[in-house]
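One letter stands for each residue in the lines below.
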Amino acid sequence: MAKNTVLTLKQKVDEGRKVTMVTSYDYTMAALTEAAGIDMILVGDSLGMTMMGYDSTLPVTMDDMVHHTRCVTRATDNTFVVADMPFMSYQQDLATALENAGRLMKEGRAQAVKLEGGVRCVEQIRAMVEAGIPVVGHLGLTPQSVNAFGGFKVQGRSVETARQLVEDALAIEAAGAFCIVLECVPSNLATLITERLTSAFTIGIGAGNGCDGQVLVVQDMLGMTAGGFKPKMVRRFASLGETIVDAFHAYDDAIQSGDFPAAAESYKDLDAEVIDQLRAE
């Protein structure tokens, strides 16, 4: 498997092939993702919900993102790793934005960073690109703005909001973003945005199949979410949650029955004389 880079990913798109991306937050899942030949991993701030139990991405810190990104990049040689910039890590000023993006690259060893927002993020994107940091944009349903949106809702339904998404995409492409995630927008709008872009390619999530690639949260696509939660945009490619719970039940039953550990799972006994001596002491 060849190493994925900004250039090889764009070349794949230019050749008419789709880019694949999933989220990963730890060494084990990242190693499996690399073994499967997935093009890109997103260490998303979605880890706040999937790994940390928060009800949104907002509480996630820079230290959280650096830690999880470092775990993922230890497992990946060829997969292109993108790390999310968490809420308020880039909105305040350019110096803070550059410092935090640099941490994800230096300490986390990511190959790119992702930030949410359109025109309002142009200065940050341009400064990062000029500093040698590849940037992925994120438009549509941007989870860090969930309170402003009034919940997790499809974006770009009106003429005005659809036009703004197109303008945002063109603006962050012009600022140097090489890729743009489009989340929860009408399929034909996502296709239009993809067609309008010239240097950047698109990754969709709930944005139809007209994008240049797709991303899903790994726990969603593998059926690992508690309570059977399944967003409309998700296809489950496995039901690992049920498999894991069944395995835990089987483990408990085997322990209670005395079947586990069996002789094959135990180490050789000491000589009986040794045990007798120890008991006598």
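For the structure itself, look to the data block above.
Keep in mind it's a predicted model, so treat the numbers as computed, not measured.

Scoring rules and cut-offs
Residues numbered from 1 in each chain as written. Predicted model: local features only at pLDDT ≥ 70, side-chain atom pairs only at ≥ 80, totals over all residues. Heavy atoms only, no water. Helix = DSSP H or I, 4+ residues; strand = E, 2+ residues; numbered from the N terminus. Buried < 20%, exposed > 50% of the residue type's maximum accessible area, 1.4 Å probe, protein only. Salt bridge = Lys/Arg side-chain N within 4 Å of Asp/Glu carboxyl O. Expected span 1.5 Å × (residues − 1). Contact = heavy atoms within 4.5 Å. Polar contact = N/O pair within 3.5 Å; in protein donor to acceptor, adjacent residues only side chain to side chain.

Bringing unusual backbone geometry into the picture now. In this structure, Pro261 follows Phe260 across a cis peptide bond, with omega equal to 0°. You can see Pro261 is positioned in the loop between α11 (240-257) and α12 (272-280). Despite not being glycine, Met88 has its phi angle at roughly 70°, a positive value. Mapped onto the secondary structure, Met88 falls in the loop between β3 (80-84) and α5 (94-106). A positive phi angle is found at Cys184, which is not glycine, with a value near 55°. In this structure, Cys184 sits in the loop between β6 (179-183) and α9 (187-196). Taking the relative accessible area as the measure of exposure, Cys184 reaches 13% and is therefore buried.

Counted by the stated rule, this structure contains 6 salt bridges. Across the salt bridge formed by Glu15 and Arg17, the nearest N and O atoms sit 2.7 Å from each other. Judged by relative accessible area, Arg17 falls into the partly exposed class, the value being 44%. Linking Glu107 and Arg103 is a salt bridge whose minimum nitrogen-to-oxygen distance equals 2.9 Å. On the basis of relative accessibility, which here comes to 33%, the residue Glu107 falls in the partly exposed class. Residues participating in the shared-partner salt-bridge network are Asp63, Arg103 and Glu107.

Let us now look at α5. Helix length check: α5, at 13 residues, gives a terminal C-alpha distance of 18 Å against a target of 18 Å (1.5 Å per residue), a fit within 8%. Buried positions along α5 lie against α4 (62-73), β3, β4 (112-116) and α6 (122-130). The N-cap residue of α5 is Asp93: its side-chain oxygen and the backbone nitrogen of Ala95 are 3.2 Å apart.

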